[in-house]
Every structure is written in structure tokens, then in C-alpha cells.
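Below, each chain spelled out in residue letters.
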Amino acid sequence: MQLEILNLARFYDQQRGLAPTSFTVSKGEMIAIVGHNGAGKSTLLKVLANWINPDAGIAMFDGIDLKNRAALVGKVGFIPEVPNLFDVFSVEYNLRLFAALTHTPFLRVEEILDDFNLLAFRKNRIQTLSKGLQQRVNIGRALLSDPSLLLLDEPTSGLDFEMTKEIHRLLKTMHEAGKTILFTSHRPEEIKSLATRIMVLHQSRLIFDGPGEAYFRSEIHENLYA
Amino acid sequence: MMRNILILTFNDLAIAFRNKTFLLILFVPLFVFVSLNLLDESGAEASKVRIVLVQHYAYAPAIIQSIMAAKQHIEVTCVQNEQDGVRLLKERQIDGILTPHDEATGSLALLVLKKDSIAAITIMQNFSALQKAAEGNAPDWISSIKSLHRGDVQRETLPTWVLMLVLLIGFIILPMQVAEEKEKKLLLALLQTPIHELQWLIAKVILGMVLIFIAVLFLHLLGSFGPLHLFDYSIFILAGSFCFSACGIFLGFLCRNQASARTLGVIFYLPHLLPAAMSDVSLKLTAVAPFLPSYQLYKPLQSILLEDGQLASMSFDWLYLIGLGLLMFYLSYLLMKRRWLM
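Residues numbered from 1 in each chain as written. Chains lettered and ligands numbered in written order. Predicted model: local features only at pLDDT ≥ 70, side-chain atom pairs only at ≥ 80, totals over all residues.

### Describing the overall build of chain B
Helices and strands together make up the secondary structure of chain B, namely 13 helices and 5 strands. The principal-axis extents of the C-alpha atoms in chain B amount to approximately 85 × 35 × 35 Å. Classification of the 342 residues of chain B by burial places 40% in the buried group. Within chain B, contacts between residues at least 6 apart in sequence are counted, and of these 80% link residues at least 24 apart. (Helix = DSSP H or I, 4+ residues; strand = E, 2+ residues; numbered from the N terminus. Buried ≥ 20, exposed ≤ 12 C-beta atoms within 10 Å, placed from the backbone. Contact = placed C-beta atoms within 7 Å.)

See below:
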């Protein structure tokens, strides 16, 4: 198993957070994490990304404790729902800054700009770009160090049809490249077309974990979106 | 490690340039410079004055009798020698020292901190009234006024402006920049790279120190103010910029967003600025000011710039600033490790 989670928990209050949760993930899986707002989806991803510290439990990636940030740098990439880029600077500056900090050759920046169709926008300030383009830069930045685990928090939230299709294409390409991907989503069609496995969080608890076909046939799906 | 610190520092400087922080850094000294040229002299107001007499000096008996008789207006302290009096004057425990005038027999010389201060004017008013009551229109008892402070009125206010710049950057600009990086999740993005928390903190402290040095240097260049002891002055600017940069970063960590950082910054800025800067004109503020960290910077700056003070006699002050800075730095590190309000 590439990712092993045992009783991982984070408490905000009685209703919110993440109740003790356990699951494992194999290399190359593409997992959709589904649930209502406040169910704990983003909290789970943030704990896995080391953005917030868990209150209990263990998370291991390739045998390394996820709390060991230094050892996992470059192996785990997190793309938050709202792009977190230096918005007063250009696309190229942002990518080069993070390339410098991750000791990635600048040639990789050119590859990312090309792969994500960002060459035409390389000199544009982030704040002048649409959310879809910003999200592309955000994903591109996360891929600079070529991480094997990608965590995406509602990657297509607020995007139009064309941009959503573009993000789906990128996710499929990354999945085909062998990356393990966990993403949260509210869109049934997105979950159906992308995920090889679905996990449902409800009121901070994991209530379903299985293949897509089983999920879409289950009452959980009907209740969730009834 | 150094490479990452340099990358982060240059990135921070570039941000400061892009988000117009540099305009503020240049505007404030310019504002100070204009204000200094428009400065009016303040009026005097009557109050009880505190005078020192030196024991072994020979004062005219008539003058001493009159001073002793005017206890309601003049508080007299006797000291062994003039140096003790100068010390009390520097510590703002007295308003002036009376010594026999070397050249005019029977008259006095007055030593005050500033010639045009409220205290000096009040002493002169009191002695003028006392003399008229005792001798009528005889020659003035005080025939000479000497000032402990060197320089003109512009230079007199320089320590206050320097303190204002240091506190502005420390308590307003830095907390806002830290809070912005937290609010936009930029700090968390940076922490997904191999940088260590300490590297980020050091880069932020360097940013604060660089901004303070630029602001102070620009102020000196505009006003052509040369410090009396450049090395001693630089050490205190260094210690003060470190201390208040670390304080600012800590304040930034206490806030979730820029708006709250700005508010918290002002809440800290004004109480630190006013008592220190106003301590020369108010006895109450003189008593309160030493409890504020800003006074440990203001007092030495004033001493170096105006009183020929030197670093050797101010060890406590710069050690205090460095110590407080290190404490704030450590607390910021703890909050950062806990991802406080991120």
C-alpha cells in the first residue's frame, strides 16, 4: 500500500472536523472523496498535505509518517480549492520561485508551461488571469517536483465547462502517468468519469468506500444528492 | 540554507515593492522632513520646577534664600558634584542645574536638556518673578543658559521620527505582510517546499530590518542629519529593527487576515510611540515610558543623537532589545509549527 491511514482524526467541534478514519490507498488509484459541505473532505486532504496537524491517528506514505514534512517534500502535492499563488507576480515568476525553492531545474518550468498550455500567459500577472487559468498554474506548480501523490480540493469548483474539461484532461493525463490522486468533488458526472474508487464522508465519518459502480447503485448516493 | 534565505528575502523585497510598501517607506520620511520645516515652537506653561544645586559651589546667599523661600514653585535638590546633576538631568528626574556663572560674579548659569523646552522657559519665568520680588530691577540672576542636547530643533525631534519609522514597519507593515501570506495560504504553499520554518522567519526578519534601514537612511539623507557616533547609532538601529521586526512577525501570527493585523498593529503602534516620544514633555509619561520596549530604543537614540551618549553605557538597552526580539522570534516559531490560524 502506498498510503495507510489509521484512526486519523481532527476535531474542530462536535459537528465538524474528521472523526477517526482508517483506509488504505494503492499506487495509481484515483479516488473521489464525496460528501456535503462540512463533512470533513477538505480537512482530510489538508491533514494529508500537512497543512493542519491531526489530533489523533497515523498517516504513512511509502512507509514515511506524513508528519515528517522534510522527508515528504516533493512526494505529495496539494492543490487547494482557491489557488494560492503570489498574485502580484507573473505565471513564470511563480513557477520559477517554487522551482528554485524545490531545487527543480528551470527547464521543468518550461515543460509545465507547455504541458498546461500556459506559454501565452507566462508574463501575465496571476491576478489578471481567470480562475481556470489560475487553477492550471496551481496544478502546474504542484507538479514541478513530480510528486507521486496528488491531493486536489474541488479542482473544478467555479470553473466553466471548457475549463472543467481541461482540468479533467489534465487529471486523466496525470493518472495515466501513474500518479495516485485523491480529489474532492460535488459533481456526480465528474466523479463517474474520473474516479476508480469513491469514499463518502458524512458528518465527519467515512460511511462508504468502494468502486464507482457500487456507489452509484447505493442508497448513499441517492440520499446524498436527493 | 543561505540560498533559500536569500531567495525568500528577495521574494519578500519584490513583494514589498509590488504591493506599494516601498512608497510608504519613502513617503513617511518625506512627510517627516516637511513637518520638521513647518515645526512651531511650543509655548510655556507654569508648573513646579525641579532644580539641582551643587554642594561645594559658592552661590550668592540672597539668591539661595529666595529659592529656598519659593518652595511652592521650585523644588530644590542638592548633589555632591555637577556630574551627579547631569545624570539626574539625563534621567529626567530634574529640570535644570544651577551653577555659579564663571564670568559674571553673583549671577547663575542654568544647564537644561533643551534651551527651548517648556522646562527651561518655566525655570526662567519663575526666577524672573522671584528676582523682581527680591531685588526689583536688578541684573538677571540667570545670565547664561546651556543645553545638554546638541543640535537644532529639527535634530531634537529626530529620535521621535526614527522611532516612528521603526514602529511603523514593525507593528503595521510586517504584521500585515505575514497575515497576508497566511490569509492567501501562500505560507502553506511555501511550506510544501523544502524550506524550513526558521528560514522563512529569518527571511521575514531580514525584510523588516532592510525596510527599517532604508527608511532611516532616507530620512538622514533628506535632512542631512549625521549621527554623532555612527557605530553606536547603527548598533541600536540594528537591535531595534531586529526586536520590532520579530514583534511584528509575532503579531502577524496572531491574526488570521490583513485587516485584523492592521488593527492589532495600530493598537500596539500608538501606545509604543506616544509615551516614548512624549516622555520629554510629560512627567506621567516619563514614569510610564520605561516599561515599554520602545523606550529602550528611544532613550539610547536620543542619547546618541543629542547628548553625545555612547554604546558602552547602554548595554542594558540593546541587550533588552535583542532579548525581546529573540523571545518574539521563538514564539513566532512555535505558532508557525502549530500552523496557528492558517
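### Some details on the overall build of chain A
A count of helices and strands for chain A gives 9 helices and 10 strands. Over its C-alpha trace chain A gives a radius of gyration of 17 Å, about what one expects of a compact globule, namely 17 Å for 226 residues. The C-alpha extent of chain A, read off along each of the three principal axes, is 50 × 40 × 35 Å. Counting the 226 residues in chain A, one finds 42% classified as buried. Of the contacts formed within chain A by residues at least 6 apart in sequence, a portion of 68% connects residues at least 24 apart. (Rg over C-alpha atoms; globule rule 2.2 N^0.38 Å.)

### Points about the confidence of the model for chain B
All names here are of chain B. Of all residues in chain B, 92% have pLDDT values of 70 or greater, and the mean over the chain is 85. Note that pLDDT drops below 50 for residues 40-46; the model gives that stretch 9 contacts with residues more than four away or on any other chain. Both scores are given for the predicted complex: the pTM is 0.82, the ipTM 0.92. (pLDDT = per-residue confidence, 0-100.)

### Some words on the environment of Leu 251 of chain B
Mapped onto the secondary structure, Leu 251 of chain B falls in helix H9 (residues 230-253). With residues near it in sequence (within four places) discarded, Leu 251 of chain B still touches Phe 171, Pro 175, Ala 261, Leu 264, Gly 265 and Phe 268 of chain B.

### What about the sheet that holds strand E8 (residues 180-185) of chain A?
Two pairing modes exist for strands in a sheet, parallel and antiparallel, and in both the strands are linked by backbone hydrogen bonds. Residues and elements named next belong to chain A. Spatial ordering of the open sheet is given by E6-E7-E8-E3-E9-E10, a layout of 6 strands whose pairing is mixed. What marks the edges here is a single partner per strand, and that holds for strand E6 (76-79) and strand E10 (205-210). Strand-to-strand twist of the sheet, defined as the mean angle between neighbouring strand axes without regard to direction, takes the value 15°. Examined bridge by bridge, strand E7 (residues 149-152) and E8 share 4 bridges and lie parallel to one another. Its bridge partner being in E8, Leu 152 is matched across the sheet by Phe 183. (Pairing = 2+ DSSP bridges. Axes fitted to C-alpha atoms, helices over the stretch in contact; angles between N-to-C directions.)

### Points about unusual backbone geometry
Residue and element names in this part refer to chain A. Phi at His 103 is positive, roughly 55°, even though this residue is not glycine. Mapped onto the elements, His 103 comes out in the loop between helix H3 (91-101) and helix H4 (106-115). Of note, the phi angle at Gln 203 is positive, near 50°, even though the residue is not glycine. As for its placement among the helices and strands, Gln 203 is situated in the loop between strand E9 (197-202) and E10.

### Digging into the interface of chain B and chain A
At the junction of the two partners, chain B supplies 16 residues and chain A supplies 15 residues. For the side of chain B that touches chain A, the secondary-structure elements that each account for two or more residues are helix H1 (2-18) and helix H7 (186-190) of chain B. Residue contributions to the side of chain B that touches chain A peak at 5 residues, all from H1 of chain B. Class assignment of the residues belonging to the side of chain B that touches chain A gives a composition of 7 nonpolar, 5 polar and 4 charged. (Nonpolar A, V, L, I, M, F, W, Y, C, P; charged D, E, K, R; others polar.)

### A few points about the packing of helix H12 (residues 293-306) of chain B against helix H13 (residues 315-337) of chain B
All names here are of chain B. Close contact between H12 and H13 brings their axes to 9 Å; oriented N to C, the two are set at 145°. Every pair of crossing elements has a handedness; the one defined by H12 and H13 is left-handed. Across the interface between the two elements, Pro 293, Gln 296, Leu 297, Lys 299 and Pro 300 of H12 pack against Asp 317, Tyr 320, Leu 321 and Leu 324 of H13. A breakdown of the residues in the contact of H12 with H13 according to their chemical character gives 6 nonpolar, 1 polar and 2 charged. (Left-handed = near helix turned anticlockwise from the far one by under 90°.)

### Digging into the nonpolar core
Ranked by internal contacts, the top residues of the largest apolar core, which has 135 residues, are Leu 151 of chain A together with Leu 163 and Leu 165 of chain B. For this core, the element with the most residues is helix H6 (residues 153-183) of chain B, which contributes 17 residues. Aside from chain neighbours lying at most four places away, what touches Leu 165 of chain B is Val 28, Ile 212, Ala 215, Val 216 and Leu 219 of chain B. (Core = buried A, V, L, I, M, F, W, Y, C linked by C-beta atoms within 7 Å.)

### Some points on the environment of Ala 246 of chain B
All names here are of chain B. Within the secondary structure, Ala 246 is located in helix H9. For Ala 246, a count of 28 C-beta atoms within 10 Å puts it in the buried group. Here Ala 246 is in contact with Val 205, Gly 325, Met 328, Phe 329 and Ser 332, once residues within four sequence places are set aside.

### Concerning the pairing of E7 of chain A
The alternating pattern of E7 of chain A places Leu 149 and Leu 151 of chain A on one face and Leu 150 and Leu 152 of chain A on the opposite face, and all of these are buried. With helix H6 (residues 161-176) of chain A bridging E7 of chain A and its parallel neighbour E8 of chain A, the resulting β-α-β unit is right-handed. (Right-handed = clockwise from strand over helix to strand, strands pointing away.)

### Describing the sheet that holds strand E4 (residues 108-112) of chain B
Residue and element names in this part refer to chain B. Strand order in this open sheet of 5 strands is E2-E1-E3-E4-E5, and the pairing throughout is mixed. Looking at the sheet topology across the chains shown, the edges are occupied by strand E2 (74-79) and strand E5 (142-147). Taken pair by pair, the neighbouring strands of this sheet meet at an average axis angle of 30°, ignoring direction. Sheet analysis places strand E1 (residues 49-54) next to strand E3 (residues 96-100), joined by 3 bridges and oriented parallel. The partner of Leu 53 across the bridge, within E3, is Leu 98. Here helix H4 (residues 82-90) sits on the sheet in contact with E1, E2, E3 and E4, set at roughly 155° to E3. Against the sheet, helix H5 (residues 118-135) makes contact with E1, E2, E3, E4 and E5, and its axis sits at roughly 75° relative to E1, the strand it touches most.

### Section: H5 of chain B
Residue and element names in this part refer to chain B. Here H5 spans 26 Å end to end across 18 residues, near enough to the 26 Å set by a 1.5 Å rise per residue. All of the buried residues in H5 are Ala 119, Ala 120, Thr 122, Ile 123 and Phe 127. For H5, the arc enclosing every buried residue in end-on projection is 160°, short of the 170-degree limit, so these residues lie on one face. Turned more than 90 degrees away from the buried face of H5 sit Lys 132 and Ala 133, all of them exposed. Elements that come into contact with the buried residues of H5 comprise E1, E3, E4 and E5. Downstream of H5 by a residue or two, Gly 136 has a phi angle that is positive, lying close to 75°. (Expected span 1.5 Å × (residues − 1). Arc of directions from axis to C-beta.)

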